[in-house]
Amino acid sequence: MWLGEVFGGPARYTGERGGYPHMLAHHLGKAISEPQRRRWVSLLMDAADEVGLPDDPEFRAAFSGYVEWGTRIARTNSQPGATPPRQAPVPRWGWGVAPPYQP
């Protein structure tokens, strides 16, 4: 639901789970390490392949760009003593204006 909302789908995560504050709560105090962050990125990219998300370069660049951006913020927010903003909108991510890749 989070990724769907981030990429322009319905605001189900916000409506059903509480949006950004709820997502933030999952990371606070967890002290996520860089190897853990990288492993999660790898698993998420594998899952994208398994469920058949588009494999065209523009989509995958946008998807991996968000995953890298978001997981780096989550790692920072998870560290002891972190003071991230408690309220923020769910980010909206896109992939520019180039037409889809045609092999």
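Please refer to the structure higher up on the page.
Below is a summary of the structure that appears in this document. (Residues numbered from 1 in each chain as written. Predicted model: local features only at pLDDT ≥ 70, side-chain atom pairs only at ≥ 80, totals over all residues. Heavy atoms only, no water.)

Comments concerning the pattern of salt bridges
Close approach of charged atoms allows side chains with opposite charge to pair. The final tally for this structure, using the stated rule, is seven salt bridges. The salt bridge partner of R37 is E34, with a shortest N-O separation of 2.8 Å. Note that R37 and E34 are positioned in helix 4 (residues 34-50) at a spacing of three residues, about one turn of the helix. Accessibility classification places R37 together with E34 in one group, the buried group. Shared partners join several salt bridges into a network, and the residues in it are E34, R37, R38, E68, R72 and R75. (Salt bridge = Lys/Arg side-chain N within 4 Å of Asp/Glu carboxyl O. Helix = DSSP H or I, 4+ residues; strand = E, 2+ residues; numbered from the N terminus. Buried < 20%, exposed > 50% of the residue type's maximum accessible area, 1.4 Å probe, protein only.)

Points about the side chain of H27
For H27, the position within the fold is in the loop between helix 3 (19-25) and helix 4. For H27, a relative accessible area of 18% translates into the label buried. In this structure the side chain of H27 is engaged in a polar contact, spanning 2.9 Å, whose partner is the backbone oxygen of M23. Contacts of H27, omitting those with residues within four sequence positions, involve I32, A74, N77 and S78. (Polar contact = N/O pair within 3.5 Å; in protein donor to acceptor, adjacent residues only side chain to side chain. Contact = heavy atoms within 4.5 Å.)

Overview of helix 5 (residues 57-78)
With 22 residues, helix 5 ought to run about 32 Å at 1.5 Å a step, and its terminal C-alpha atoms sit 31 Å apart, in line with that. Three or more residues of helix 5 are buried, namely F59, R60, A62, F63, Y66, V67, G70, T71, A74, N77 and S78. Along the axis of helix 5, the buried positions cluster into a sector of 160°, meaning they face one direction only. Turning to helix 5, the residues buried within the fold contact helix 1 (2-6), helix 3 and helix 4. (Expected span 1.5 Å × (residues − 1). Arc of directions from axis to C-beta.)

As for helix 4
Residues spaced three or four apart along an α-helix face the same direction, because each turn holds 3.6 residues. Between its first and last C-alpha atoms helix 4 spans 24 Å; for 17 residues at 1.5 Å apiece the expected length is 24 Å, and the two agree. Listed in full, the buried residues belonging to helix 4 are E34, R37, V41, L44 and A48. For helix 4, the angular spread of buried residues about the axis comes to 90°, placing them on one side. Within helix 4, the exposed residues directed more than 90 degrees away from the buried face are P35, R39 and E50. Lining the buried residues of helix 4 we find helix 1 and helix 5. Immediately downstream of helix 4, the backbone of G52 shows phi near 80°, a positive value.

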